[in-house]
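# Summary of the model geometry
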Amino acid sequence: MASSEPANATAFWNPFANMATLAGHAITIVRGEGSTVYDSQGNAYLDALASLWYCNVGYGRPELAETAAAQMREIAGFQTFEYYTNPPADALCRLIADLAPMAGAKVFLTPGGGSDAVDTAGKLARAYWHAAGQPDRQVIISRTHAYHGMNAYGTSLSGIPLLTESYAPLVSQVEHVPWDDPGALEKAIELLGAGRVAAFFCEPVMGAGGVYPPPEGYLDQVRQICRRHDVLFVADEVITGYGRTGQWFASGRFGLDPDLITTAKGLSSGYLPIGAVIASARVAEPFWSHGGAEVFRHGYTYSGHPVAAAVALANLRLIEREQLIARVRALEPVLARAVAPLAAHPAVSEVRSGTGLLAAVEIAEELRAADPAVGQRLVLAIRERGVITRLLRGVALQVSPPFVITEAEIARIAEAFASALDDAARPNRG
Ligand SMILES: Cc1ncc(COP(=O)(O)O)c(C=O)c1O
C-alpha cells in the first residue's frame, strides 16, 4: 500500500490522547522492576499509578512469565463455550469464589479487563430478573463521577460527562444519581417504580472519577435501600478488588454482601488481560439450580483463556504468599500521612486518602479556572521529577502505587508532588 508517511511514523493511536500533539512524542516504556519503569532512553520513573491501578505485585516478576510460558506449552488457548473448561480456569474460579465476600459464589471470566466485566454484570443483572419472572426490571442506576469502563454499558453508566457527551445515549434504561446521596437513590427507585429497577452499580471507593472514599455511612445506607426495594447491588471492584483497600475485596471491608462484583486489573496485576464477574448464590441460582433450563447467553471467545487464567492464579497465590494485602493495610496510614501536608498547599483544594493504597490530590478550583492547562502541566512537572502520575476527571492527581512500594518511595512521590505544586503556584511562571 502506497504511503506518504515516513517508514517509521507511528500508527499507534493512544487511548485518551490528542494524537495531533502526541504522535511521535509518546514515551516508550521498555522495562519494569518493582515500582519502577524505564523508558527507551534509559530514564527511570517511579510509578505512582501501578500503571492504571493494576500492577499490584510490581513489575518484573519472573514466575508470572514462567507460568505463562509453561501453560502455553501445554495448551495456549481453547474455548470454553458450552462444553469445555481447562485446569487453570477451573482452579482460578474456585479460588476467587473462596475469597469472595459472599457465600456460594460462582465466577464468570471475561477476557479484556473491567469493561467486559461491567457489560457482563449489566447483562447478567437483567438476565437474572428475566429468569426470575420480573422482566420489567431493566433499569440500572449509577452515580455521578462513576467510571465503569468504556464498552457501551460502561460508557452509558459513566457519571463523567466528558466521557459520554460524544456518544450518549448508548444503552437505554440507565439512570444516574448524585454519588454521595443515599436519599437520591431511594427517590430515583421510587420514581421509576422498584419493579423497573434491575440493579445499582457502585464503586465502593470511586476511582477514575477522582478517588472518593465513601462518605461515612453511605455504603450501609445504599446497601439497605437496595435490599428494601429488592434491587441488585453490584459492587464495581475493578480497582478495589484483590487487595487495594487492604482486604481481598472492598465489599468485605465495608460489609456489603453484594449480589454481583465486577473485577479485573489486580486479578492478574496486568501480566495478562483478564476479568471476572462474581455472582452471589442468589443471582447464580436460576442458571445453576438442578433441572433448570435458564442459560446465560453471553460469553467471549477468550472467556476462561488458559494462559490468562494461569497467570491470574499465580498472581493471587503470590499476593497470598508475600502477604501483600497486610502490606497494603500497613502502608495505608503511611501514604495518608505522606500526602496529608499537600492539603495545606495553596494550589490544592483537597487531599483524599485513607482507604488502602489510594489517594488523590485535588488542584484548587481557582487555579484551574485561571489556568486550565495547570493539571497537565503538573503531571509533566512531576514526571520531570521522576514520578508518573495522571490527572483524574481534569481535577485531581492520582496516587495508586503497586503494593510492593516502599515507605521511602511513598515519600519520594509526596516530595515530587510538593515540588511541582510549588512551581505551579508561583505567580507569573513563564
Ligand atoms: C471501576 C472501574 N470499572 C471498570 C473499569 C474498566 O476497566 P478496563 O479499562 O480494564 O476495561 C475501570 C477502569 O479503570 C474501573 O476503574
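Each remark here, short or long, concerns the structure printed above.
Procedures and definitions
Residues numbered from 1 in each chain as written. Predicted model: local features only at pLDDT ≥ 70, side-chain atom pairs only at ≥ 80, totals over all residues. Heavy atoms only, no water. Helix = DSSP H or I, 4+ residues; strand = E, 2+ residues; numbered from the N terminus. Contact = heavy atoms within 4.5 Å. Near = heavy atom within 4 Å. Polar contact = N/O pair within 3.5 Å; in protein donor to acceptor, adjacent residues only side chain to side chain. Areas by Shrake-Rupley, 256 points an atom, 1.4 Å probe, with all protein chains shown as cover. Nonpolar A, V, L, I, M, F, W, Y, C, P; charged D, E, K, R; others polar. Expected span 1.5 Å × (residues − 1). Buried < 20%, exposed > 50% of the residue type's maximum accessible area, 1.4 Å probe, protein only. Disulfide = S-S within 2.5 Å. Phe/Tyr/Trp six-rings, centres within 6.5 Å; stacked < 30°, edge-to-face > 60°. Lys NZ or Arg CZ within 6 Å of the ring centre and 35° of its normal. Pairing = 2+ DSSP bridges. Axes fitted to C-alpha atoms, helices over the stretch in contact; angles between N-to-C directions.

The next point concerns the environment of Val339. Note that Val339 resides in helix α13 (residues 324-339). Through-space distance from the C-alpha of Val339 to that of Arg321 is 29 Å; in sequence the pair is 18 residues apart. With sequence-adjacent residues up to four places away left out, Val339 is seen in contact with Val351, Ser353 and Ala359.

A few words on the site of the ligand. In the neighbourhood of the ligand, the contacting residues comprise Gly113, Gly114, Ser115, Val118, Tyr147, His148, Gly149, Glu203, Asp236, Val238, Ile239 and Lys265. In the environment of the ligand, a nitrogen atom lies 2.7 Å from a nitrogen or oxygen atom belonging to the side chain of Asp236. Calculation on the ligand without its partners gives an accessible area of 390 Å², and the protein chains cover 85% of this total. Per-element tally for the shell around the ligand: the top contributor is helix α5 (residues 114-131), with three residues. Here the residues of the shell around the ligand are counted per class, giving four nonpolar, five polar and three charged.

Here we come to α5. Here α5 spans 25 Å end to end across 18 residues, near enough to the 26 Å set by a 1.5 Å rise per residue. Counted residue by residue, α5 has 13 buried out of 18 residues, so it is predominantly covered. After α5 finishes, the residue Gly133 shows a positive phi value of roughly 85°.

A few words now on the state of the cysteines. This model, assessed by the stated rule, comprises zero disulfides. Not part of a disulfide, Cys226 finds its nearest cysteine sulfur in Cys202, a span of 8.1 Å. Given the relative accessible area of 0%, Cys226 is considered buried.

Moving on, we get to the packing of aromatic side chains. What characterises a pair of aromatic rings is the spacing of the ring centres plus the angle enclosed by the ring planes. Evaluation of the coordinates by the stated rule reveals eight aromatic pairs. Geometry around Trp129 places Arg137 over its ring, the cationic atom sitting 4.4 Å from the centre. Here the basic side chain of Arg352 rests over the ring of Tyr212, its NZ or CZ set 4.0 Å away from the ring centre.

The next subject is unusual backbone geometry. Its identity as a non-glycine residue notwithstanding, Trp53 has a phi of 60°, on the positive side. Its location among the elements puts Trp53 in helix α2 (residues 50-53). Given the relative accessible area of 2%, Trp53 is considered buried. Not every positive phi belongs to a glycine, and Asp230 is a case in point at roughly 55°. Relative to the elements of secondary structure, Asp230 occurs in the loop between α9 (218-228) and β8 (232-236). Overall, the relative accessible area of 29% leaves Asp230 in the partly exposed class.

In space, the seven strands of this open sheet follow the order β4-β10-β9-β8-β7-β5-β6, with mixed pairing throughout. On the outer flanks of this sheet lie β4 (106-110) and β6 (174-177), each paired with one strand and no other. Going across the sheet, the axis of each strand differs from the next one's by a mean of 20°, ignoring polarity. As judged from the three bridges shared by β8 and strand β9 (residues 260-263), these two strands associate in the parallel manner. Its bridge partner being in β9, Ala235 is matched across the sheet by Ile261. Across the sheet, helix α4 (residues 87-99) is in contact with β4 and β10 (275-279); its angle to β4 comes to roughly 125°.

Take the sheet that holds strand β15 (residues 396-399) next. Pairing within the open sheet is antiparallel, and its four strands lie in the order β11-β12-β15-β14. A strand with exactly one partner marks an edge of an open sheet, and here the two such strands are β11 (348-352) and β14 (391-392). Direction of pairing for β11 relative to strand β12 (residues 359-363): antiparallel, over a ladder of four bridges. Bridge pairing in β12 links Arg352 to Ala360. Strand contacts of helix α15 (residues 374-384): β12, β14 and β15, with the helix running at about 35° to β15, the strand carrying the most contacts. Lying over the sheet, helix α16 (residues 407-425) contacts β11, β12 and β15, oriented at roughly 165° with respect to β15.

Nothing here speaks to function; it is geometry throughout.
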